[in-house]
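Survey of secondary and tertiary structure
Each chain, written out:
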Amino acid sequence: MVSVPISEQAVWDILRTIPDPEIPVLSLIDLGIVTRVRTDDGAVEVTLCPTFSGCPALHQMRMDVEETLVSHGCTQVTVIVDQRASWTTDLLAENARRRLQAFGIAPPPPRGESLPATLALPVKCPHCGSSETKLDSEFGATLCKQLYLCNSCHQAFERFKPL
Ligand SMILES: [Zn+2]
C-alpha cells in the first residue's frame with residue numbers, strides 16, 4: 001500500500017475534529033492533550049500527554065486518533081503516550097473554559113500560585129452564576145470531575161477538577 005504524504009498542519013486539523021470521549025464538546029486539541037505531531041512521508045507520529053494517570057479515556061483517545069487518521073488515508077500511524085509529561089488544567093485552550101461552562105460543567109480556574117489556593121477558590125454555578133455552591137461528591141461521572149450542588153438554583157453540576 002502506498003502511503004500518501006501528509007503535512008503536520010493537516011494532521012493537526014484532523015485531530016481538531018476528534019472529540020474528547022468524556023466531554024464531547026471539547027476536542028483533543030482544545031484539551032491540550034496532543035503535545036506533538038511529526039510526519040515523515042506517509043508516517044504519522046502523534047504524542048499524547050495523559051490527563052490523569054490511569055484515566056480510562058486514554059485508551060479510547062488513542063484508538064480515536066488512530067482510526068481517524070487511518071480513515072483520512074494515513075497508513076502508518078503511531079500514537080505515543082508521553083508518561084513523563086503531566087497534563088494540567090492550564091493546558092486547556094482559552095475557548096475550552098467557555099465551552100465547558102456552556103455545556104453545564106464548571107471549568108477549572110486558571111491555576112494561580114499554588115494548587116491548594118486554586119482548589120480553595122469558590123466554584124461558580126454554570127447554570128446561574130452563583131458562588132453559593134457546595135461540594136457534593138469528590139467523584140462525578142468520571143475521575144476528572146467533582147459533583148457540586150448550587151444553593152441558589154438548586155441544580156447539581158459537575159466541575160472539571162483543577163490539577
Ligand atoms: Zn445555580
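The rules behind these values
Residues numbered from 1 in each chain as written. Predicted model: local features only at pLDDT ≥ 70, side-chain atom pairs only at ≥ 80, totals over all residues. Heavy atoms only, no water. Helix = DSSP H or I, 4+ residues; strand = E, 2+ residues; numbered from the N terminus. Buried < 20%, exposed > 50% of the residue type's maximum accessible area, 1.4 Å probe, protein only. Contact = heavy atoms within 4.5 Å. Areas by Shrake-Rupley, 256 points an atom, 1.4 Å probe, with all protein chains shown as cover. Lys, Arg positive; Asp, Glu negative; His and termini not counted. Charge placed at Lys NZ, Arg CZ, Asp CG, Glu CD. Donors = N, O, S within 2.8 Å, 3.2 Å for Na, K, Ca; no water. Phe/Tyr/Trp six-rings, centres within 6.5 Å; stacked < 30°, edge-to-face > 60°. Core = buried A, V, L, I, M, F, W, Y, C linked by side-chain atoms within 4.5 Å. Pairing = 2+ DSSP bridges. Domains from an automatic or database assignment. Buried area = accessible area lost by both parts, 1.4 Å probe. Salt bridge = Lys/Arg side-chain N within 4 Å of Asp/Glu carboxyl O.

For the rest of this paragraph, the subject is the overall build of the protein. When helices and strands are tallied, the protein shows five helices and seven strands. Helices and strands in the protein line up, N terminus first, as α-α-β-β-α-β-α-β-α-β-β-β. For the protein, the C-alpha atoms occupy an extent of roughly 60 × 25 × 25 Å along the three principal directions. Each of the 163 residues in the protein was classed as buried or not, and the buried ones make up 43%. Taking the intrachain contacts of the protein between residues at least 6 apart in sequence as the baseline, contacts between residues at least 24 apart amount to 52%. Accessible surface, the protein as shown: approximately 8700 Å² in total, 53% of it carbon and sulfur. Within the protein, the 19 negative side-chain charges are centred at a point lying 6 Å from the centre of the 14 positive side-chain charges.

This part covers the coordination of the zinc ion. Coordination of the zinc ion by the protein is provided by Cys125 (SG), Cys128 (SG), Cys150 (SG) and Cys153 (SG), with metal-donor distances spanning 2.3 Å. As a motif over one chain, the donors of the zinc ion read C-x2-C-x21-C-x2-C. Of this pair, cysteine 125 sits in the loop between helix H5 (115-120) and strand E5 (133-137) while cysteine 153 sits in the loop between strand E6 (145-150) and strand E7 (156-160), and the two are 28 residues apart along the sequence.

A few words on the packing of aromatic side chains. Here the structure, examined in full by the defined rule, presents two aromatic pairs. Seen from their ring centres, tryptophan 87 and phenylalanine 160 are 6.0 Å apart, and the 50° between their planes marks the pair as tilted. Of this pair, tryptophan 87 sits in the loop between strand E3 (76-81) and helix H4 (94-102) while phenylalanine 160 sits in strand E7, placing them 73 residues apart in sequence. Of the two residues, tryptophan 87 and phenylalanine 160, both sit in the buried class. Measuring from centroid to centroid gives 5.7 Å for tyrosine 148 and phenylalanine 157, while their planes differ by 15°, and the two rings are stacked. For tyrosine 148, a relative accessible area of 8% corresponds to the buried category. On the basis of relative accessibility, which here comes to 2%, the residue phenylalanine 157 falls in the buried class.

Below, the discussion takes up the nonpolar core. If you look at the biggest cluster of nonpolar residues, it comprises 32 residues, and the most contacted ones within it are Val11, Leu15, Val34, Val46, Val65 and Leu69. At the level of secondary structure, the elements contributing two or more residues to this core comprise helix H1 (8-15), helix H2 (28-31), strand E1 (34-40), strand E2 (43-48), helix H3 (57-71), E3 and H4. At five residues, the largest contribution of residues to this core is made by H3. Contacts of leucine 69, omitting those with residues within four sequence positions, involve Val11, Ile14, Leu15, Val44, Val46, Cys74 and Val77. Judged by nonpolar contacts, the second largest core, of six residues, contains Ala106, Cys125, Cys150 and Phe157.

With that settled, consider the pairing of E6. The pairing of E5 with E6 spans four bridges and is classified as antiparallel. Looking across to E6, one finds that leucine 135 is bridged to tyrosine 148. Between E6 and E7, which follow one another and run antiparallel, lie five residues, and histidine 154 among them has a positive phi close to 60°.

Quick look at the domain arrangement of the protein now. Domains assigned within the protein are domain 1 (8-81) and domain 2 (96-160). Summarising the inter-unit geometry, the C-alpha centres of domain 1 and domain 2 are found 27 Å apart. Contacts between the two partners involve ten residues from domain 1 and, on the opposite side, ten residues from domain 2. Summing both sides of the interface, domain 1 and domain 2 together bury roughly 910 Å²; the carbon and sulfur share of this comes to 78%. Where domain 1 meets domain 2, there are one salt bridge. For aspartate 30, the salt bridge identified is with arginine 99, shortest N-O distance 3.3 Å.

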